Amino acid sequence: MHRIILVNNMKPYLDYASTTPINKEVLKEMEPYLKEEYGNPSSLHELGRKAKRAIDKARKRAAKFLSSDEEEIIFTGSASESNNTAIRGLVKGIKQEKIHIITTQIEHKAVLETCEDIESENIEVTYLPVNKEGLIKIDDLTASIKPETRLISVMYVNNEMGAIQPIKEIGKKIEEINKERKDKIYFHTDAVQAANWLDCNTKELKVDLLTLSSHKIYGPKGVGLLYIKKGTPIKPLITGGAQEWKLRAGTENVSGIVGMGKAIELIQKNTNKKIEFIKSKLIERVLKIPGSQLNTPKQSAPHIANFSFKGVEGEGLLILLDDKGIAVSTGSACTSVSLSPSHVLMAMGSSELEAHSSIRVSLGNQTTEEEIEYFLKILPESLKKLRRISGR
Amino acid sequence: MYSKKVLNHFNNPKFFGKMKDADLIGKAGNPRCGDLLTLYLKIDKKTNKIKDIKFETLGCAAAIAASDMICELAKGKTLEEARNITFRDVSNSLGKLPPLKMHCAQLVTEALNDAIKKYKK
């Protein structure tokens, strides 16, 4: 009886790659800055100085996590803004007539669409393909380098299917290549989906630019971060104030920055094992369902499992699961804005129907085995229902 | 995002399934947009009325709900009347589809017209 009640009340949130619940300790540290500590960090009086100290502390925590100097960190309004600043800001800052950028076909849209947006007669972009495992080839990357190449942007962990790119190896390679060049190639990585799980030491990774998001690490929404290595010629996208080392004007989101700083401090890589275990169990059981396929490669972050199911469409499946209290995402985009499915799965060689039939299950620090059991109970009946409707 | 009516038709469609002895079959959609649908029609030869209608749809919630709705709207109508069903009729009968999903209503009317077109030949 007790079990049944438990199952009925269950609402498994399996969408941690979209966003994470805010950590209680994070919220506690933020609260004063939403209430009595309302000072503007630019003000010279005490209230202002207290706010300034709070963001300094957050910056210190971030610098420790990234093994960087505090002067190398700016807080932004989102990881999308950080990616935009990295790309557009660098292009603005480089005095060169023609600039070539190298990125990948599986980047987050904040990188992909920014690159597409700035492509012009003088700005050329190469989009590297990936193999079936979702990985770029380093040989492809080095072969694409031209005399005008000034920026390489490769994401650390893919948000849709979880593949981990060899950032450290790429960083090392670019460093070698730079030794023989007059004009340095800058290396950016979007580490949003990596922060909870993988090494983000910028010295080890040999990156010049690195993006993080607060709300993917149990911090508040509306805050991002960009690591900018000393000497990187970035220009601000938002002007009108000296905030963030003159690289991002606007009064700081004090409580948000404080929250992100705390969230960074609380990142614990020791949850990897537990989540990896739950994920492997999940994959094993889902693959036993006829017509199911795993899109997540072996070399992947612990929290993401992406599946395709023959004869169903991802959004329909999402809505059936939602009806039973289960939250997941889909790579299908059945809207008239963009009818084409996941660019990531397509780049990995999925067919259009496979990409449309995909769902992403992503786990986090509160995921339990019971929740996965419940998901595994609901999933087959949902698939059966949709397959009866599709006749496939 | 979806109205209650859309969700009802998606969760409990009445007209889904194959029809072995269909007089007309209409198809619409393509793999790129992810929606593939087939309508099966049984025609009363004397009255030219749609006696029975069924659908099979691989697609999102809106596509499945719209498929069910066009069956509901078309059943009992003459082919001439059924041809006049517009995507707006489908959407309105579902308590309006979200604007981004309007193409699903277009798709089901396309499938119906594809079937009816074959009858004339």
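Residues numbered from 1 in each chain as written. Chains lettered and ligands numbered in written order. Predicted model: local features only at pLDDT ≥ 70, side-chain atom pairs only at ≥ 80, totals over all residues. Heavy atoms only, no water.

### A few points about the domain arrangement of chain A
Residues and elements named next belong to chain A.
Thinking step 1. Partitioning chain A into structural domains gives domain 1 (2-22 + 269-390) and domain 2 (24-265).
Thinking step 2. On a C-alpha basis, the centres of domain 1 and domain 2 stand 29 Å from each other.
Thinking step 3. Taken together, the two surfaces of domain 1 and domain 2 that pack against each other cover about 2700 Å², and 54% of this comes from carbon and sulfur.
Thinking step 4. For the interface between domain 1 and domain 2, the tally reads 0 salt bridges.
Thinking step 5. Here domain 1 and domain 2 share 18 residue pairs in polar contact (both at pLDDT 80 or more) between them.
Thinking step 6. In the side of domain 1 that touches domain 2, the residues fall into 14 nonpolar, 15 polar and 3 charged. (Domains from an automatic or database assignment. Buried area = accessible area lost by both parts, 1.4 Å probe. Salt bridge = Lys/Arg side-chain N within 4 Å of Asp/Glu carboxyl O. Polar contact = N/O pair within 3.5 Å; in protein donor to acceptor, adjacent residues only side chain to side chain. Nonpolar A, V, L, I, M, F, W, Y, C, P; charged D, E, K, R; others polar.)

### Digging into unusual backbone geometry
Residues and elements named next belong to chain B.
Thinking step 1. Even without glycine at this site, Asn-48 takes up a positive phi of about 65°.
Thinking step 2. Locating Asn-48 in the fold gives a position in the loop between strand 2 (35-44) and strand 3 (49-58).
Thinking step 3. Judged by relative accessible area, Asn-48 falls into the partly exposed class, the value being 32%.
Thinking step 4. Residues other than glycine seldom take positive phi values, yet Lys-96 does so here, at roughly 70°.
Thinking step 5. Among the structural elements, Lys-96 can be located in the loop between helix 4 (87-93) and helix 5 (102-120).
Thinking step 6. Judged by its relative accessible area of 56%, Lys-96 is exposed. (Helix = DSSP H or I, 4+ residues; strand = E, 2+ residues; numbered from the N terminus. Buried < 20%, exposed > 50% of the residue type's maximum accessible area, 1.4 Å probe, protein only.)

### Observations concerning the pairing of strand 3 (residues 123-128) of chain A
For a regular strand, side chains alternate in direction, first toward one face of the sheet and then toward the other.
Residue and element names in this part refer to chain A.
Thinking step 1. Relative to strand 3, strand 2 (residues 99-104) is paired through 6 bridges, and the arrangement is parallel. Residue pairing for strand 3: Thr-104 is matched across the bridge by Leu-128.
Thinking step 2. In this view, the connection linking strand 2 to its parallel neighbour strand 3 by way of helix 5 (residues 109-118) has right-handed handedness. (Pairing = 2+ DSSP bridges. Right-handed = clockwise from strand over helix to strand, strands pointing away.)

### Some remarks on the interface of chain B and chain A
Thinking step 1. Counting from both sides, the interface comprises 27 residues of chain B and, opposite them, 25 residues of chain A.
Thinking step 2. A buried area of about 2200 Å², summed over both sides, lies between chain B and chain A, and 64% of it is on carbon and sulfur atoms.
Thinking step 3. For the interface between chain B and chain A, the tally reads 1 salt bridge.
Thinking step 4. A:Glu315 serves as the salt-bridge partner of B:Lys101, at 2.7 Å between the closest nitrogen and oxygen.
Thinking step 5. Along the contact surface separating chain B from chain A lie 9 residue pairs in polar contact (both at pLDDT 80 or more). (Contact = heavy atoms within 4.5 Å.)

### Some thoughts on helix 7 (residues 167-179) of chain A
All names here are of chain A.
Thinking step 1. Its 13 residues place the ends of helix 7 18 Å apart at the C-alpha level, agreeing with the 18 Å of an ideal helix rising 1.5 Å per residue.
Thinking step 2. All buried positions along helix 7 are accounted for by Ile-167, Ile-170, Gly-171, Ile-174 and Asn-178. Looking straight down helix 7, one finds its buried side chains confined to an arc of 100°; they lie on one side. Turned more than 90 degrees from where helix 7 packs its buried face, Glu-169 and Lys-179 sit exposed.
Thinking step 3. Check the buried side of helix 7 and you find it contacts helix 6 (138-144), strand 4 (149-153), strand 5 (186-190) and helix 8 (202-205). (Expected span 1.5 Å × (residues − 1). Arc of directions from axis to C-beta.)

### Some points on the pairing of strand 1 (residues 73-76) of chain A
Residues and elements named next belong to chain A.
Thinking step 1. What you see with strand 1 is no split at all: Ile-73 and Phe-75 on one side and Ile-74 and Thr-76 on the other are buried throughout.
Thinking step 2. Where strand 1 and strand 7 (residues 224-228) come together, 4 bridges link them in antiparallel fashion. Bridging from a neighbouring strand, Phe-75 pairs with Leu-225 of strand 7.

### Things to note about the sheet that holds strand 1 of chain A
The pairing of strands in a sheet comes from backbone hydrogen bonds and takes either a parallel or an antiparallel form.
Residues and elements named next belong to chain A.
Thinking step 1. Strand order in the open sheet formed by 7 strands is 1-7-6-5-4-2-3, and the pairing between neighbours is mixed. The strands lining the two open edges of the sheet, one partner per strand, are strand 1 and strand 3. Across this sheet, the average inter-strand angle for adjacent strands is 20°, counted without regard to direction.
Thinking step 2. As judged from the 3 bridges shared by strand 4 and strand 5, these two strands associate in the parallel manner. In the strand pairing of strand 5, Ile-152 is matched with Phe-187.
Thinking step 3. Each of strand 1, strand 2, strand 3, strand 4, strand 5, strand 6 (209-213) and strand 7 touches helix 4 (residues 79-93); the most contacted strand, strand 6, lies at about 160° to it. (Axes fitted to C-alpha atoms, helices over the stretch in contact; angles between N-to-C directions.)

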